Amino acid sequence: QVQLVESGGGLVQPGGSLRLSCAASGSILSINVMGWYRQAPGKQRELVATMPSGGSTKYVDSVKGRFTISRDNAKNMVYLQMNSLKPEDTAVYYCHAYLLLRFGEPYGDYWGQGTQVTVSS
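Residues numbered from 1 in each chain as written. Predicted model: local features only at pLDDT ≥ 70, side-chain atom pairs only at ≥ 80, totals over all residues. Heavy atoms only, no water.

### What to know about the packing of aromatic side chains
Reasoning step 1: Taken as a whole and assessed by the stated rule, the structure comprises 2 aromatic pairs.
Reasoning step 2: When the ring of Tyr-37 is compared with that of Trp-111, the centres are 5.0 Å apart and the planes differ by 70 degrees; the resulting orientation is edge-to-face. Placement of Tyr-37 in strand E4 (residues 30–39) and of Trp-111 in strand E10 (residues 108–111) is noted, with a sequence separation of 74 residues between them.
Reasoning step 3: Of the residues examined, Tyr-37 reaches a relative accessible area of 19% and is grouped as buried.
Reasoning step 4: Using a relative accessible area of 37% as the deciding quantity, one classes Trp-111 as partly exposed.
Reasoning step 5: For the ring pair Tyr-98 and Tyr-107, a centre distance of 5.4 Å and an interplane angle of 25 degrees mean the geometry is stacked.
Reasoning step 6: On the accessibility criterion, Tyr-98 (29% relative accessible area) is partly exposed.
Reasoning step 7: The exposure class assigned to Tyr-107 is partly exposed, which follows from its relative accessible area of 32%.
Reasoning step 8: Lying over the aromatic face of Tyr-94, Arg-45 brings its terminal NZ or CZ to 3.7 Å of the ring centre.
Reasoning step 9: The ring of Trp-111 carries Arg-45 above its face, with NZ or CZ at 4.7 Å from the centroid. (Phe/Tyr/Trp six-rings, centres within 6.5 Å; stacked < 30°, edge-to-face > 60°. Helix = DSSP H or I, 4+ residues; strand = E, 2+ residues; numbered from the N terminus. Buried < 20%, exposed > 50% of the residue type's maximum accessible area, 1.4 Å probe, protein only. Lys NZ or Arg CZ within 6 Å of the ring centre and 35° of its normal.)

Here's what the structure looks like:
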């Protein structure tokens, strides 16, 4: 089985910073894309940032210049450094990985359980 476990969420004041981490574990053969999505109350889940193994990163416009995604491929980990946080960043943040378990099988989408980020004074 594959597990994606997030950590690093919490309560922070506007203008503050948080760093989210996500560790993928299990019998993983290869990870193509790792990234972060978020879902605010009453809204659809949206992509925040993704980082393919061999391509360029992608950010939603609302976080460009404030958030930075990075990966440690040796540890199957992805991080999201969030600076200059705003109340509208409040959401549950989900780690995502598009990965391969076995040769001959297709890549699949896997999700973490989510971590709450609340930006409030």
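### Description of the state of the cysteines
Reasoning step 1: The final tally for this structure, using the stated rule, is 1 disulfide.
Reasoning step 2: One disulfide in the model links Cys-22 with Cys-95; its S-S distance is 2.0 Å. Given an S-S torsion of about -80 degrees, the disulfide between Cys-22 and Cys-95 has left-handed geometry. Residue Cys-22 is located in strand E3 (residues 18–25), and its partner Cys-95 is located in strand E9 (residues 91–100); the two are separated by 73 residues in the primary sequence. Pair check on accessibility: Cys-22 and Cys-95 agree, each one buried. (Disulfide = S-S within 2.5 Å.)

### What to know about the pattern of salt bridges
Reasoning step 1: Under the counting rule described, the total for this entry stands at 5 salt bridges.
Reasoning step 2: The salt bridge partner of Arg-38 is Asp-89, with a shortest N-O separation of 3.0 Å. Here Asp-89 lies in the loop between strand E8 (77–82) and E9 and Arg-38 lies in strand E4, a separation of 51 residues in the sequence. Accessibility assignment for this pair places Arg-38 and Asp-89 in one class, buried.
Reasoning step 3: For Arg-102, the salt bridge goes to Glu-105, with nearest N and O atoms at 3.3 Å.
Reasoning step 4: Of the residues examined, Glu-105 reaches a relative accessible area of 37% and is grouped as partly exposed.
Reasoning step 5: A single salt-bridge network, built from bridges that share partners, covers Arg-38, Glu-46, Arg-66 and Asp-89. (Salt bridge = Lys/Arg side-chain N within 4 Å of Asp/Glu carboxyl O.)

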